[in-house]
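# Structural overview for review
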Amino acid sequence: MDDENTTFAESGAAPRVVIVDDHRLFRSGVRGELGDAVDVIGEAGDVDSAVRVIAEKQPDLVLLDVHLPGGGGSEVLRRVLPNQPEVTFLALSVSDAAEDVIGVVRGGARGYVTKTISGRELADAVVRVADGDAVFSPRLAGFVLDAFSATDAPPMDPELDRLTQREREVLRLIARGYAYKEAAKELFISVKTVETHVSSVLRKLQLSNRHELSRWATARKLV
């Protein structure tokens, strides 16, 4: 959209969407159900192709299946969001298992709906999530509320939302006392990359050192 302060719902513009699901017929069906409500600009059937298509197409939103060849929806989130934090994800899956819902939400998805949803409801969910809302099938919302209230920071913490998923992973390890080398080994990245992420986290949160970072993370129950 030309005016970034205008929502898709207000403007009537169609969000640009990539559909990621390992069943071609299902992807075709979703295209048909969504109709003109969204602009489907790409599709993918596994993790590697999803990461590639999302990088090439730069969509507003990705409709993401949880179970995919190559590592699943969580792996797509892990690989995409550090480099493209502006992309929004809405999980669309046959699974309503709590661990699947919580896994992708922790990974950065803004919503989760099951494949029993109607075409009109799905189109509405896509527009709402593209506009910044969180959308969940009714039964699944309780899983998310229970998980975050019990063990993690609130999902809408404005300061935490400034960080990419990778920055959050580095933050948790450093706050737990990991050395840079240990964090790099844990996340399969270089020490230099860890240093870069820590510097970025300190800058975004306006903190001076890792001790302040540890206190910040502890206060939000991230460690």
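Residues numbered from 1 in each chain as written. Predicted model: local features only at pLDDT ≥ 70, side-chain atom pairs only at ≥ 80, totals over all residues. Heavy atoms only, no water.

To continue, consider the UniProt feature "domain: Response regulatory" (unreviewed entry) in the protein. UniProt tags residues 16-130 as "domain: Response regulatory" (unreviewed entry). The distance separating the terminal C-alpha atoms of residues 16-130 is 9 Å; by composition the span is 45% helix and 22% strand. (UniProt positions renumbered as here; feature names shortened; annotations may be inferred. Helix = DSSP H or I, 4+ residues; strand = E, 2+ residues; numbered from the N terminus.)

With 91% of its residues at a pLDDT of 70 or more, the protein has an overall mean of 86. Long-range and interchain partners of residues 151-155, a stretch whose pLDDT sits below 50, account for 15 contacts in this model, where long-range means more than four residues apart. (pLDDT = per-residue confidence, 0-100. Contact = heavy atoms within 4.5 Å.)

Taken from the UniProt record, the annotation "modified residue: 4-aspartylphosphate" (unreviewed entry) applies to D65. Those residues in contact with D65 that lie beyond four places of it in its chain are V20, D21, D22, G73, L92, S93 and K115.

Another aspect to go through is the packing of aromatic side chains. In total, this model carries zero aromatic pairs according to the counting rule given. The ring centre of F26 lies 4.0 Å from the NZ or CZ of K115, which sits over that ring. (Phe/Tyr/Trp six-rings, centres within 6.5 Å; stacked < 30°, edge-to-face > 60°. Lys NZ or Arg CZ within 6 Å of the ring centre and 35° of its normal.)

What follows is about the pairing of strand β5 (residues 111-114). Residues G111 and V113 point to one face of β5 and Y112 and T114 to the other, with burial holding for every one of them. Two elements, strand β4 (residues 88-93) and β5, share four bridges in a ladder whose sense is parallel. Bridging across to β5, A91 finds its partner in Y112. Regarding topology, helix α5 (residues 98-107) serves as the crossover connection from β4 to the parallel β5, and that connection is right-handed. Strand direction decides the pairing type here: β5 and strand β6 (residues 135-136), joined by two bridges, are parallel. Paired with Y112 across the two strands is F136, which belongs to β6. For the crossover that starts at β5, traverses helix α6 (residues 119-130) and ends in the parallel β6, the hand is left-handed. (Buried < 20%, exposed > 50% of the residue type's maximum accessible area, 1.4 Å probe, protein only. Pairing = 2+ DSSP bridges. Right-handed = clockwise from strand over helix to strand, strands pointing away.)

Another point: unusual backbone geometry. Within the chain, F188 stands out as a residue other than glycine whose phi angle is a positive 60 degrees. With respect to the helices and strands, the residue F188 is situated in the loop between α9 (180-187) and α10 (191-205). Even without being a glycine, Q206 presents a positive backbone phi close to 55 degrees. By the secondary structure assignment, Q206 is in the loop between α10 and α11 (210-219).

Bringing the environment of G70 into the picture now. Mapping G70 onto the fold places it in the loop between β3 (61-64) and α4 (73-80). Taking relative accessible area as the criterion, G70 reaches 63% and is therefore assigned exposed. The spacing of G70 and L90 is 20 residues in sequence and 19 Å in space, taken between C-alpha atoms. Not counting residues up to four positions away in its chain, the partners in contact with G70 are V47 and E75.

With that out of the way, let us pick up the pairing of strand β2 (residues 39-44). Along any regular strand the residues' side chains alternate between the sheet's two faces. Relative to β2, strand β1 (residues 16-20) is paired through five bridges, and the arrangement is parallel. Each bridged residue has a counterpart across the sheet, and for V18 the counterpart in β2 is G42.

All right, on to the nonpolar core then. Soluble globular proteins tend to bury their nonpolar side chains together. Among the nonpolar cores identified, the biggest contains 27 residues, and V20, I54, V62, L64, V76 and F89 are the most heavily contacted of them. Mapped onto this core, the elements with two or more residues apiece are β1, β2, α3 (47-57), β3, α4, β4, α5 and α7 (138-151). Here this core takes five residues from α3, the largest share from any one element. Setting aside anything within four residues of it in sequence, one finds V62 in contact with V18, V20, I54, V87, T88, F89 and L90. (Core = buried A, V, L, I, M, F, W, Y, C linked by side-chain atoms within 4.5 Å.)

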